[in-house]
Amino acid sequence: MQYKKHVLGQLILVASLSATASMSQAQELRFMCSTDGNECEVIEDLVTRFEAENAGVDVIVDIVPYKSIQENLPVQLAAGTGPDLAKVTDLGGLSPYYLDIKPFVDADYWEKSFGDILNWYRKGPDDEGLYGLHSQLTITGGYINRTLFDQAEVEPPAADATWEQWAEAAAEVAEATETPHLMAMDRSGHRIAGPAISEGAKLFAEDGSPILVDEGFTNFVTKFVEWNNDGTMLRDVWAGTGGDTYQDASQEFINGSLVYYYSGSWQVGKFDSEIGDAFDWQVVGTPCGAVACTGMPGGAGIVGFKSTKQPEMVAKLLDFLAREDIYAELTARTLNIPAHAAVAAKGVDYEGASAPAAAALNAWGKQVSTVSPVAYAYQGYKNNRAMFGITMTRVSQAIVGELTIEEAMERAKVDLEQALTEVDAK
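Residues numbered from 1 in each chain as written. Predicted model: local features only at pLDDT ≥ 70, side-chain atom pairs only at ≥ 80, totals over all residues. Heavy atoms only, no water.

Visitor: Quick question: what am I supposed to make of the nonpolar core here?
Guide: Among soluble globular proteins, nonpolar side chains are generally buried collectively. With 131 residues, the main nonpolar core has W110 and L212 as its most contacted residues. Top contributing element to this core by residue count: helix α12 (residues 311-322), with eight residues. Summarising the domain contributions, this core has at least three residues from each of domain 1 (27-137 + 298-369) and domain 2 (140-297 + 372-425). When sequence neighbours within four positions are dropped, the list of residues in contact with L212 reads L203, F217, Y378, M387, I390, T391, A412 and L416. (Core = buried A, V, L, I, M, F, W, Y, C linked by side-chain atoms within 4.5 Å. Buried < 20%, exposed > 50% of the residue type's maximum accessible area, 1.4 Å probe, protein only. Helix = DSSP H or I, 4+ residues; strand = E, 2+ residues; numbered from the N terminus. Domains from an automatic or database assignment. Contact = heavy atoms within 4.5 Å.)

Right under this line is the structure:
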């Protein structure tokens, strides 16, 4: 009997240790994160509090280049080897892989807090799941080197000024201050979309199907190509690379060689830290076109994936980060515009932010109300990444003279048809 008890005790001990080891292993979450500011570092810090509230949970934040999120993550997810969570920007394109956390959270709280932005993560109008925490609401628009305007004694154009008026002002400032570059826009299909919509681009047919190219879109592309070739725009940004490779002009703005820079709200933290007191900079919103004065909304969100072995814990982590006090702190420390309705209503105390950064963030917040419904629809469209890539490729070819504008627009139409056919075939 003693022998049997001893063996039984050993078996119980082994089983207990195995279960403990299994539980320990099961509570590890991998979080892939990329950032153009300090978002990943702040998230990593907040996650330590989540770990403290949930004994035995270990969240490993893997900070990777943005290119890894764009190119490597989709491959990993398709192969079933992706992380448990990630911070992503291709919100619609990756939606087939998202974990629906609705069974594990207070759905009413999420709907009330994030509203229509939740649709950006859904697969279509009939999908009512909850998939992502929009951690970084952004909007595109312009920055100016205010010091250069002051030195040139040129008053910045009014809020309803057109692209042409901004181009004239930038040229006047550049000439007076001997600044080499007048204007620049990020090489991004997302970035050029807002100005195109302002010029009348609808991007979608009346039945909701994507068309990309129409009269309004072509009109803005025509202007943009001309500006790149007459010196108004910093040509190397769009002409210096091919395909759908992203390129920005942040360093040219930071080093003071650029008068006007069309980028977005995510640059605030970078400009605040890297420009310092070298010169004064200012957010000036989006220039107006023929029908609107809209930028593009966007940003990044934190999502869980269906392939995770810990769906409930992933949901719990997302719910923690969505908590009003935690979300408010995340927004304040990362110098972002809040997507959480209650946090936005109360206002964000950007504690520790410099006066220029705080002023810039408040200016960006005011721009949100000017965003066109077309821009919201485009950002939420599941295949927008393909459209962004087509835009970059064909517009760049028109700029460098490989194609005429008419040829580039025709090729873009064919590209979109092929891209949609490939998606449907999957």
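Read on, since the account is not over.
Visitor: I keep staring at the packing of aromatic side chains and nothing clicks. Help me out?
Guide: Aromatic ring pairs are defined here through the distance separating the ring centres and the angle between the ring planes. Tallied over the entire structure, the rule returns 28 aromatic pairs. Both rings, one in F149 and one in W166, keep their centres 6.2 Å apart while their planes meet at 80°; by these two values the pair is edge-to-face. Highlighted residues: F149 in helix α5 (residues 146-152) and W166 in helix α6 (residues 163-177), separated in sequence by 17 residues. Geometrically, the ring pair formed by F224 and W238 is edge-to-face, given 5.1 Å between the ring centres and 75° between the ring planes. Taken together, the positions of F224 in helix α8 (residues 215-230) and W238 in helix α9 (residues 236-239) put the pair 14 residues apart, joining distant regions of the chain. Across the pair, W238 and F224 agree in class, each one buried. Chaining the aromatic ring pairs together yields one cluster made of F149, W163, W166, F220, F224, W227, W238, Y260 and Y262. (Phe/Tyr/Trp six-rings, centres within 6.5 Å; stacked < 30°, edge-to-face > 60°.)

Visitor: Sorry if this is basic, but what is going on with the domain arrangement of the protein chain here?
Guide: Split into domains, the protein chain comes out as domain 1 (27-137 + 298-369) and domain 2 (140-297 + 372-425). The centre of domain 1, based on its C-alpha atoms, is set 26 Å off from the matching centre of domain 2. Listed per partner, the contact involves 24 residues of domain 1 and 23 residues of domain 2. Counting each side, the surface lost to burial between domain 1 and domain 2 is near 1,900 Å², with a carbon and sulfur contribution of 58%. If you look at where domain 1 meets domain 2, you find one salt bridge. Measuring nitrogen to oxygen at the nearest pair gives 3.6 Å for the salt bridge that ties R385 to D90. Our count for the contact surface shared by domain 1 and domain 2 stands at four residue pairs in polar contact (both at pLDDT 80 or more). (Buried area = accessible area lost by both parts, 1.4 Å probe. Salt bridge = Lys/Arg side-chain N within 4 Å of Asp/Glu carboxyl O. Polar contact = N/O pair within 3.5 Å; in protein donor to acceptor, adjacent residues only side chain to side chain.)

Visitor: Before we go on, may I ask you to explain the environment of Q251 in this structure?
Guide: With respect to the element layout, Q251 can be found in helix α10 (residues 250-254). Look at Q251 and you get partly exposed, because its relative accessible area is 40%. Setting aside anything within four residues of it in sequence, one finds Q251 in contact with K270 and E274.

Visitor: I would appreciate a short explanation of the pairing of strand β3 (residues 85-88) in the present structure.
Guide: Consecutive side chains along a regular strand alternate between the two faces of the sheet. Burial along β3 is two-sided: the residues L85 and K87 and A86 and V88 are all buried. Two elements, strand β1 (residues 28-33) and β3, share two bridges in a ladder whose sense is parallel. Note that in β3 the partner of F31 across the bridge is L85. The pairing of β3 with strand β8 (residues 297-304) spans four bridges and is antiparallel. Paired with V88 across the strands is G301, a residue of β8. (Pairing = 2+ DSSP bridges.)

Visitor: I'm lost on the packing of helix α2 (residues 39-53) against α12 in this one. Help?
Guide: For any two helices packed against each other, the geometry is given by the interaxial angle and the distance between the axes. Interaxial distance between α2 and α12 falls to 11 Å at its minimum, and their mutual angle equals 125°. When the axes of α2 and α12 are compared, the pair comes out oblique. α2 and α12 meet at a crossing whose hand is right-handed. From α2, L46, V47, R49, F50 and E53 reach across to α12, where they touch M313, K316, L317, F320 and L321. Considering only residue class, the contact of α2 with α12 consists of seven nonpolar, no polar and three charged. (Axes fitted to C-alpha atoms, helices over the stretch in contact; angles between N-to-C directions. Parallel < 35°, antiparallel > 145°, perpendicular 65-115°, else oblique. Left-handed = near helix turned anticlockwise from the far one by under 90°. Nonpolar A, V, L, I, M, F, W, Y, C, P; charged D, E, K, R; others polar.)

Visitor: How do you make sense of helix α13 (residues 324-334) when you look at a structure like this?
Guide: Along an α-helix, residues three or four positions apart point the same way, because every turn accommodates 3.6 residues. Listed as buried for α13 are I326, Y327, L330, T331, A332 and T334. Check the buried side of α13 and you find it contacts α2, α4 (107-114), β4 (132-145), α12 and α14 (341-346). Of the residues one or two after α13, L335 is the one with positive phi, at around 55°.

Visitor: Honestly, unusual backbone geometry in this entry has me stumped. Any pointers?
Guide: A negative phi angle is the norm for most residues apart from glycine, just as the trans form is the norm for most peptide bonds. Its identity as a non-glycine residue notwithstanding, L212 has a phi of 60°, on the positive side. Its place among the elements puts L212 in the loop between α7 (189-198) and α8. The exposure class of L212 is buried, given its relative accessible area of 1%. For L335, which is not glycine, the phi torsion reads 55° and is therefore positive. Among the secondary structure elements, L335 is positioned in the loop between α13 and α14. Judged by relative accessible area, which is 14%, L335 ranks as buried.

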